[in-house]
Structures are given as C-alpha cells and as structure tokens.
Amino acid sequence: MLKSRKENNASTVAQFILLGFSDLPNLQGFLFGMFSLVYIIILIGNSSIIVLTRIDPALQKPMYFFLANFSSLEVCYVSVTLPRILYNIGTQNRNISKLACATQTCFFLILGATECFLLAVMSYDRYVAICNPLHYPLIMNPMKCNQLAAGSWLGGMPFQVAQTCQIFSLRFCNSNRINHFFCDLPPILKLACGDTSVNELSVYLVTIIIATVPFMLILASYSKIIATILKLPTATGRAKAFSTCSSHLLVVFLFFGSATVTYLRPKSTHSPGTDKLFSLFYTIVTPMFNPLIYSLRNKDVIAALRK
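Residues numbered from 1 in each chain as written. Predicted model: local features only at pLDDT ≥ 70, side-chain atom pairs only at ≥ 80, totals over all residues. Heavy atoms only, no water.

Looking at an unreviewed UniProt entry, one finds the chain named Olfactory receptor, with Myodes glareolus as its source organism. For the record of the chain, the UniProt heading Subcellular location (unreviewed entry) holds the text "Cell membrane". The UniProt entry for the chain carries the following comment under Sequence similarities (unreviewed entry): "Belongs to the G-protein coupled receptor 1 family." (UniProt positions renumbered as here; feature names shortened; annotations may be inferred.)

Description of the packing of helix α4 (residues 98–131) against helix α6 (residues 142–155)
With their axes 7 Å apart at the nearest point, α4 and α6 run at an angle of 150 degrees to one another. Of the possible angle classes, the one that applies to α4 and α6 is roughly antiparallel. On α6, the residues touching I110, L111, T114, F117, L118, V121 and Y124 of α4 are K144, L148, G151, S152, W153 and G155. Of the residues that constitute the contact of α4 with α6, the class distribution is eight nonpolar, four polar and one charged. (Axes fitted to C-alpha atoms, helices over the stretch in contact; angles between N-to-C directions. Helix = DSSP H or I, 4+ residues; strand = E, 2+ residues; numbered from the N terminus. Parallel < 35°, antiparallel > 145°, perpendicular 65-115°, else oblique. Contact = heavy atoms within 4.5 Å. Nonpolar A, V, L, I, M, F, W, Y, C, P; charged D, E, K, R; others polar.)

What to know about the side chain of T196
Positionally, T196 belongs in the loop between α8 (185–189) and α9 (197–230). The buried category is assigned to T196, whose relative accessible area is 4%. Within the structure, T196 has its side chain in polar contact with the side chain of E200 (distance 2.8 Å). (Buried < 20%, exposed > 50% of the residue type's maximum accessible area, 1.4 Å probe, protein only. Polar contact = N/O pair within 3.5 Å; in protein donor to acceptor, adjacent residues only side chain to side chain.)

Observations regarding the state of the cysteines
All told, the structure shown has two disulfides when counted by the stated rule. Linked covalently through their sulfurs, C101 and C183 form a disulfide whose S-S length is 2.0 Å. Disulfide C101-C183: torsion about the S-S bond near -120 degrees, hence left-handed. Note that C101 is positioned in helix α4 and C183 in the loop between β3 (177–178) and α8, a separation of 82 residues in sequence. Residues C101 and C183 agree in their burial class; the two are buried. One disulfide bridge connects C173 with C193, the sulfur atoms lying 2.2 Å from each other. With C173 in the loop between α7 (157–168) and β3 and C193 in the loop between α8 and α9, this pair connects stretches of sequence that are 20 residues apart. Assessed through its relative accessible area of 19%, C193 is described here as buried. With cysteine numbering restricted to those in disulfides and following the sequence, the chain has the pairing 1-3, 2-4. Note on C106: no disulfide assigned, nearest cysteine sulfur contributed by C165 at a separation of 6.9 Å. (Disulfide = S-S within 2.5 Å.)

Topic: the UniProt feature "transmembrane region" (unreviewed entry) in the chain
Per the UniProt annotation, the sites labelled "transmembrane region" (unreviewed entry) are residues 30–52, 64–87, 99–124, 201–220, 241–265 and 277–296. Taken end to end, residues 201–220 has its terminal C-alpha atoms 27 Å apart, with 100% of it in helix and 0% in strand.

Comments concerning the pairing of strand β1 (residues 15–18)
Here β1 shows one buried face, formed by F16 and L18, and one open face, formed by Q15 and I17. Where β1 lies against β3, two bridges are found, and the strand directions are parallel. Looking across to β3, one finds that L18 is bridged to I178. (Pairing = 2+ DSSP bridges.)

Comments concerning the nonpolar core
Counting 79 residues, the largest nonpolar core has F16, F35, L82, L119, F256 and I284 as the members making the most contacts within it. The element that contributes the greatest number of residues to this core is α4, accounting for 14 residues. Each residue touching L119, except ones within four places of it in the same chain, is listed here: F70, I218, H248, V251, V252, F255 and F256. (Core = buried A, V, L, I, M, F, W, Y, C linked by side-chain atoms within 4.5 Å.)

What to know about the environment of K61
Structurally, the position occupied by K61 is in the loop between α2 (28–55) and α3 (62–91). Note: C-alpha distance between K61 and N141 (80 residues apart in sequence) is 9.6 Å.

Looking at the packing of aromatic side chains
Evaluated as defined, the whole model comprises 13 aromatic pairs. Their ring planes at 15 degrees and their centres at 5.3 Å tell us that Y77 and F108 sit as a pair that is stacked. Taken together, the residues Y77 in helix α3 and F108 in helix α4 connect sequence positions 31 residues apart. Like F108, Y77 is buried. Summarising the aromatic geometry, the rings of F215 and F253 are spaced 6.0 Å apart at their centres and angled 85 degrees between planes, so their arrangement reads as edge-to-face. Of this pair, F215 sits in helix α9 while F253 sits in helix α10 (residues 235–264), placing them 38 residues apart in sequence. (Phe/Tyr/Trp six-rings, centres within 6.5 Å; stacked < 30°, edge-to-face > 60°.)

Encoded structure:
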C-alpha cells in the first residue's frame, strides 16, 4: 500500500527545484554580478566575431564562415543556462516545471552535440587547407560549407530529443531537488526511481556517438596536419600553419576534456560539487574565452578589429 502511494506521488511530480548555488547564501549578490558580467562578455565577444566575419572582405573564407557559426552556437549554448541561473539567483525562486526542465535539457544536449560536430568540421577545413591546398577552393565551396554547417546543427537532434524523452518519462521518487544550476542528465538520473542502468548505458552510448567519434576524427585530421606541417620547407611556413591550428586545438581540448569527464566517468564518482565545477567550465568559462583564443591568435581577426 505504501509502495503504491509512493509510486503515485512520484508520477505526479510537476516541478523540480534547482538548488544551484543556494549553499552559498552570503555570495548571492556577488554571483549575480559575476554571472551577469560573464554573460555580457560572452555576448559581446562572440557577436563581434560574427559581425567581423560578415563585413570584412578578408574574412570571407570557409574558415571564418565556420568560426561565425561557432560563435553563434556559443551565444545559443550559454543562453540555455545563464539566464536561468541569473533568474534563480535574482528572484531566489528556484522552482522549474518538469516541461521547462526537459526543454532546457533538450536544447542543451542538442547544442552540445552541435559543438562536437562543428569542431570536427572546423578541423576538416584546416586539414583540407593545409594538406590539400590546391583543391581547397574546390572542395570547400560555398554549397559544401553550408551542408557541413547544417549537418552540424541538425545532426545530433534525433539522438538528443529521443534521449530527453526517455529520461523525462521516468518516475522521480527520490526527490525533486536537483543539486545543480541547470537541468543536466547526471543529477536528474539520481532522482529517478528504481534501476536506471539502462538509461545510464544510453547516455554513455549517445555520448560515444556524439562526442567520441568527432573527437577521434579531429585527432585523425590533426595527426595528418602536423605531419604535413613538419614537411614544410621554411620555418615561417611551419609557424604560420601551427598558429592557425593551435587556437582550434586549444578550444577542442578545453571543451572535450571537461565534457568527457562529466558524462563518461562512473556514476559512483559523481559528486554535486565536482559536477558543478566541470559544468561551469564547459558551459560558461569556455564560451567566454573562445573569442579571445580565436582573436588574439589570429592575425586576420586582429587586423579586422583594428579596421
């Protein structure tokens, strides 16, 4: 009888509570100011790159077309989480409906998949430019670029929509308090009733498809790129080639490193503090530094900014 009543209560959960940073009551004002500043920096930095790549003739190249897509993605990516963080801190109302939570999770996962695919496409662009420069304009023509960009934006959608529906169709009986600052899969799975091993396996498989496969393609591209660069006859040519690739490689390792630790490590090793730290890194810190990484290490972007 008690078990039946508990299951009925579990099936009627209509909202969750995002605990976020409620364990730091004396820092709420500081956190609100800091996250507001970070959000403004991300919007200005990435929007500047988008505008520059559209208006400067020197940046009308496939490399900067994908960079503009990447900056647009970062704006969307961070807008899924940061406004909600600011709302929770500003109003101290941490309730979020089950539908809103599922929607946030779904968009976050879709945009995360897009970032994986887009980083792989950007590495392919560098591979063609450096390893096959004579055919580069032919291979990376405008139609091909648009197809690759569209595939990056849409490629992960079926997987992530299906995964979100699967997770949120579970009954939640452990609690409705999510010890995180946004609706992410690991803390949500902790609230589900019964055995969630099948769901955890699903998360692992989707992560391998969405993240590991693009990462391996990136490594394959850069192994060939580095081999080609080392064969260049002049030190100046090698330095220039390494310069155009190093910023992209840095972004790749920042994103994939923190995201992989979050989603591929065993459930037993998950802790709220560690999950929040890594999530902050790849959802907020990386999008904030990406414009700096690409602009400060790219002579064409610096020249466009000076103009």
